[in-house]
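Secondary and tertiary structure notes
Listed below, chain by chain, are the residues.
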Amino acid sequence: MNAVAIRAEGLRKRYGDHEVLQGVTLDVQAGEVVGLVGENGAGKSTLLELLAGVARPDEGRIVVRGAPVRWRRPRDAADAGIGFMPQEPSMVPGITVAENILLGREGAGMRFGLVRWRAMNRLADEALREIDPTIAPGAQTQSLSFQQRRRVAFARALAAGTRTPEAPVLLLDEPTSALDPDGVEALLRGIERLRARASIVFVSHRLEDVLRVCDRIVVMADGRCVAERAAAATTAQELQHLMAGRTLAVEMAYGRDRSHAPGRTCLELKQLTRIPGYADVDLAVRSGEVMGLTGATASGCHELGRTLSGIDAPQRGRMSIDGRIVVLRDPAHAVAHGIAYVPADRASEGVVGALSVAENLALADRTGWRIDRRRERAVAARWIERLRIATPSASTRVSELSGGNQQKVALAKWLAGPRPRVLVLDDPLRALDVRARRDVVDAIRAAALNGSAVLVIADALEELAAICDRVAVMRDGRIREDRSTSAATRALRVPVERAA
Ligand SMILES: Nc1ncnc2c1ncn2[C@@H]1O[C@H](COP(=O)(O)OP(=O)(O)OP(=O)(O)O)[C@@H](O)[C@H]1O
Ligand SMILES: [Mg+2]
């Protein structure tokens, strides 16, 4: 079995005067899993969008199973058995999870008979059940958390990818981000199982995952494929070098400043409860301290983050800042109390896509009503450099940036303004490349050194260990452990190692 399932041939794509893809050629064989890696802004998502019919190439062509194709819309690609999981989940509101998964499939599916349709249905169902059994196929998509919507998007790609009698092609853009370790494991196992029946392009910044499930890895930089390696013949270190054009330590060793002592309790929660979500949460974060909050699916940490940001009010319990009880009416009220929140779902809540990078960075700066363009530009220049935000200019609209670079803007927005008393970050390292992760961790630590009380929510403990002074673990909406990072890492590593 050595046929080419899908081929990108000399693809070029330009946005304005920025040539985002500069002649990309890539073959994916039948039954092959190809990893696509590259720093934020390298062009990975753009390449997948062209292959999936979401955007059209300016030059070059796409060949599917030997025949050149020209997609007019995403549906054309889906009808040809190409399943696409975009980096940011987009769900059609007002319909159920099952309908979202099967969207637009009826006609095409029926052509191949009821049996096939049932098989597809089963596949989508299975995918969903395995990845997250808590998602009911009959649930309305609006009621889902961001993490759940990502999982539905994966199931949807699987379903679309099985529309034809031919083996499907699955284009997965960071499918493992926003999943907890169990979810990641289920997804990776799913890919391993699918490899016999499908061709897969797997985009991820988690190089260990890429090395594990891919046969071959293609490295992109500045809109080109710059290198290619058999997964068995390379390492994370080498891939990192190829991506960045230099060698960096891949391990997250950030040299935390141990001599730094946190100050007085800033954020305090007492018996805070919102059901469903979390219950009886007691938590204290001191100023200057970085506290981590983690837990598996349905742990309640993301819900707690939303309450702290003023989005969802608690049912009982209380919250105080610097010793004073606060009752948050809405997100604006939280901001007025000095609480900065960076949501996991940055595309819909974290940044304003229609505004420029500079305008977004000025949003949290509440020093006055008058807009000082010069100051705005200076602040933007500083943060673009500090976090290496890849953007043509400070006046570029945020919606035009790559996913990882939007993530950086969402964070920089708060760091650029007056020091927040409390900084709540939901999954801040998601979608970032290795270099950017380091930049962002440095910025988070700097915010703490500056006196903010920082709460970082993440699904993977390993990430928190590198950033936090202390980690609390939540399960079923309750805090189960609260200890120093090193003790928590030791305690939690044990069962993981045993399972391996
Ligand atoms: N609609 C658009 N308009 C203008 N520029 C765009 C658009 N989409 C992408 N770009 C630009 O194309 C470049 C590549 O973006 P792309 O999203 O493909 O990167 P990526 O490799 O997926 O990065 P990340 O790892 O951050 O997701 C970026 O510099 C981005 O600003
Ligand atoms: Mg991308």
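Reading guide: rules and limits
- Residues numbered from 1 in each chain as written.
- Chains lettered and ligands numbered in written order.
- Predicted model: local features only at pLDDT ≥ 70, side-chain atom pairs only at ≥ 80, totals over all residues.
- Heavy atoms only, no water.
- Donors = N, O, S within 2.8 Å, 3.2 Å for Na, K, Ca; no water.
- Helix = DSSP H or I, 4+ residues; strand = E, 2+ residues; numbered from the N terminus.
- Buried < 20%, exposed > 50% of the residue type's maximum accessible area, 1.4 Å probe, protein only.
- Polar contact = N/O pair within 3.5 Å; in protein donor to acceptor, adjacent residues only side chain to side chain.
- Contact = heavy atoms within 4.5 Å.
- Pairing = 2+ DSSP bridges.
- Axes fitted to C-alpha atoms, helices over the stretch in contact; angles between N-to-C directions.

**Concerning the coordination of the magnesium ion (ligand 2)**
- Donor atoms from the polypeptide that bind the magnesium ion (ligand 2) are Ser45 (OG) and Gln87 (OE1), placed at 2.0 to 2.2 Å. With Ser45 in helix 1 (residues 44-51) and Gln87 in the loop between strand 6 (82-85) and helix 3 (97-102), this residue pair connects regions lying 42 residues apart in the sequence. The exposure classification of Ser45 matches that of Gln87, with both residues buried.

**Topic: the side chain of Asn405**
- By secondary structure assignment, the location of Asn405 is in helix 15 (residues 403-416).
- A relative accessible area of 1% means that Asn405 is categorised as buried.
- There is a polar contact of 2.8 Å between the side chain of Asn405 and the backbone nitrogen of Ala390.
- Residues within four places of Asn405 in sequence aside, it is in contact with Asn40, Gly41, Arg388, Ile389 and Ala390.

**A word on the sheet that holds strand 4 (residues 59-64)**
- Here we have four strands laid out as an open sheet, ordered 2-1-4-5, and antiparallel in their pairing. Strands at the two margins of the open sheet, each flanked by one partner only, are strand 2 (18-29) and strand 5 (67-69). Pairs of neighbouring strands in the sheet enclose a mean axial angle of 25°, with direction left out of account.
- Packed on one face of the sheet, helix 1 meets strand 1 (4-15), strand 2 and strand 4 and runs near 120° to strand 1.

**Some points on the sheet that holds strand 15 (residues 324-326)**
- Taking strand neighbours across the sheet as the criterion, the four strands line up as 12-11-14-15 in an open arrangement whose pairing is antiparallel. Edge positions in the sheet fall to strand 12 (278-286) and strand 15, since each of these pairs with one other strand and no more. Sheet twist, expressed as the mean angle between neighbouring strand axes with direction ignored, is 25°.
- Bridge count between strand 14 (residues 316-321) and strand 15: three bridges; the pairing is antiparallel. Bridge pairing links Met319 to Val326 in strand 15.
- Contacts from helix 10 (residues 301-308) reach strand 11 (265-274), strand 12 and strand 14, with the element oriented near 115° to strand 11.

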